[in-house]
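# Per-entry structural report
Here's the letter readout for the chains.
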Amino acid sequence: MRALILNAGSSSLKFQVIDTESRQCLSKGLVERIGSVGVTYSSALNEMMEKLVADAIPLESIQVVGHRVVHGGKTFSESVLLDDKAVAEIEKIIPLAPLHNPANVAVIKELRKLVPHVPHVAVFDTAFHATLPEVAYTYALNAQVSEKYGIRRYGFHGTSHRYVATETARFLGKSLDETSLIICHIGNGASVAAVMNGQSIDTSMGFTPLEGLVMGTRTGDIDAGILFHLAREENFTISQLDSLVNKESGLLGLSGETDMREIRSRDLSGDKAAQLARAVYAYRIRKYIGAYMTLLPNLDAVVFTAGVGENDAELRDKVMSPLAHLGFSIDSAKNVAESKSARVISTENSRLKTLVVPTNEELEIALESANIVGG
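Notes on the structure in this doc start here. (Residues numbered from 1 in each chain as written. Predicted model: local features only at pLDDT ≥ 70, side-chain atom pairs only at ≥ 80, totals over all residues. Heavy atoms only, no water.)

### Things to note about unusual backbone geometry
One non-glycine residue, Arg23, lies in the positive phi region at around 65°. In this structure, Arg23 sits in the loop between strand 2 (13-19) and strand 3 (24-31). A relative accessible area of 35% means that Arg23 is categorised as partly exposed. We note that Asn235 has phi near 60°; this positive angle belongs to a residue other than glycine. Along the chain, Asn235 falls in the loop between helix 7 (224-234) and helix 8 (238-247). (Helix = DSSP H or I, 4+ residues; strand = E, 2+ residues; numbered from the N terminus. Buried < 20%, exposed > 50% of the residue type's maximum accessible area, 1.4 Å probe, protein only.)

Structural data, given as structure tokens:
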């Protein structure tokens, strides 16, 4: 089946055309700076159409359109075929993801008009984590407030975690429902998921993508009292606090830089701010791995994926080497060897495995979309 996959961000649009049988990408592109210099989602889609024409992919050949939607709230615990009612329900969830869901909805509406002859499917970033048990998704907040405003841990990066869990089980020669993993999706946005027998049972991101690991510009876990303190002492507004924790902190706040390659270079040259940023970043990942090991009595492997997780060997070593007392031993040669394939980076005699498994969210959306429409 030939699937057109859309991933709309708050200021960008990524697209791919994927053959779900061969798993090959036939065309792809990225339009950035949406919302500035006259670039709109409509003009971005026009650019996409021009690219498809240039790549000799007629719209008539598309058999399904898959849309990545960041937040499904309580309403959507799995992928759905899109109709007017489903789109309206996604719009209702916008307050839970005000930066991302509006973009998702805008592209869905535009593309349903441009490509009306095929089914459209929404694949939700939160859906994989719908299996979290109540004890894991519940915050110790006033229960009436939580119920009224839908406050709970939802988790994100679910499409990536699902794909990596499936590929890791295949690589290990096991069925997914017999595989238990700790998956570290480490990129500009970052999260860890505890996967037991193929199902997510806990994850580091929460009600929003802010919670959990240190990220490119996000604080990750933070004492909420800090925000109240800044509001009282410095008269920070809600908007300023939002910007502080989501856009001005994380690696950027610690080192002045978000590109991990640059931070690593500065770290190795002795830059104290970069060294601290890398150390804090790795420490937080290590803490979550340790915590999730307590939930998984039959852990098969810790898995690194996404941009930093797949490509930064030194960071992987910085995270895993201090966990030797828990049964992990990293093979230095395997760890630094570059590859685009799934691979083991632990030693032969390591009690627990450590793997690198490349993610492919667009392919997962394509496969899921084809599955929904029976292709």
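### Thoughts on the nonpolar core
One finds Ile182, Ile186 and Ile289 to be the most contacted residues of the largest nonpolar core, which totals 39 residues. If you list the elements that add at least two residues to this core, you get strand 7 (181-186), strand 8 (190-196), helix 10 (260-268), helix 11 (272-293), strand 10 (301-305) and helix 13 (313-320). Residue contributions to this core peak at 9 residues, all from helix 11. Sequence-distant contacts of Ile186, that is, excluding residues within four places in its chain, are made with Leu213, Tyr281, Ile285, Phe304, Thr305, Ala306, Gly307, Val308, Gly309 and Leu315. (Core = buried A, V, L, I, M, F, W, Y, C linked by side-chain atoms within 4.5 Å. Contact = heavy atoms within 4.5 Å.)

### Structural notes on empty space enclosed by the protein
By the definition in use, this model includes 2 cavities of 30 Å³ or more. Considering the residues around the largest cavity, the lining is formed by Glu78, Ser79, Val123, Phe124, Ala127, Phe128, Gly158, Thr159, Arg162, Glu364 and Glu368. Looking at the lining of the largest cavity, the elements with two or more residues in it are strand 6 (120-124), helix 6 (158-172) and helix 15 (361-372). Per-element tally for the lining of the largest cavity: the top contributor is helix 6, with 3 residues. Among the residues making up the lining of the largest cavity, the classes are represented as 4 nonpolar, 3 polar and 4 charged. (1 Å grid on protein atoms, 1.4 Å probe; cavity = no way out; pocket = protein on both sides within 12 Å on 5 of 7 lines; lining within 4 Å. Points joined across faces, edges and corners; volume = space filled by probe spheres on them. Nonpolar A, V, L, I, M, F, W, Y, C, P; charged D, E, K, R; others polar.)

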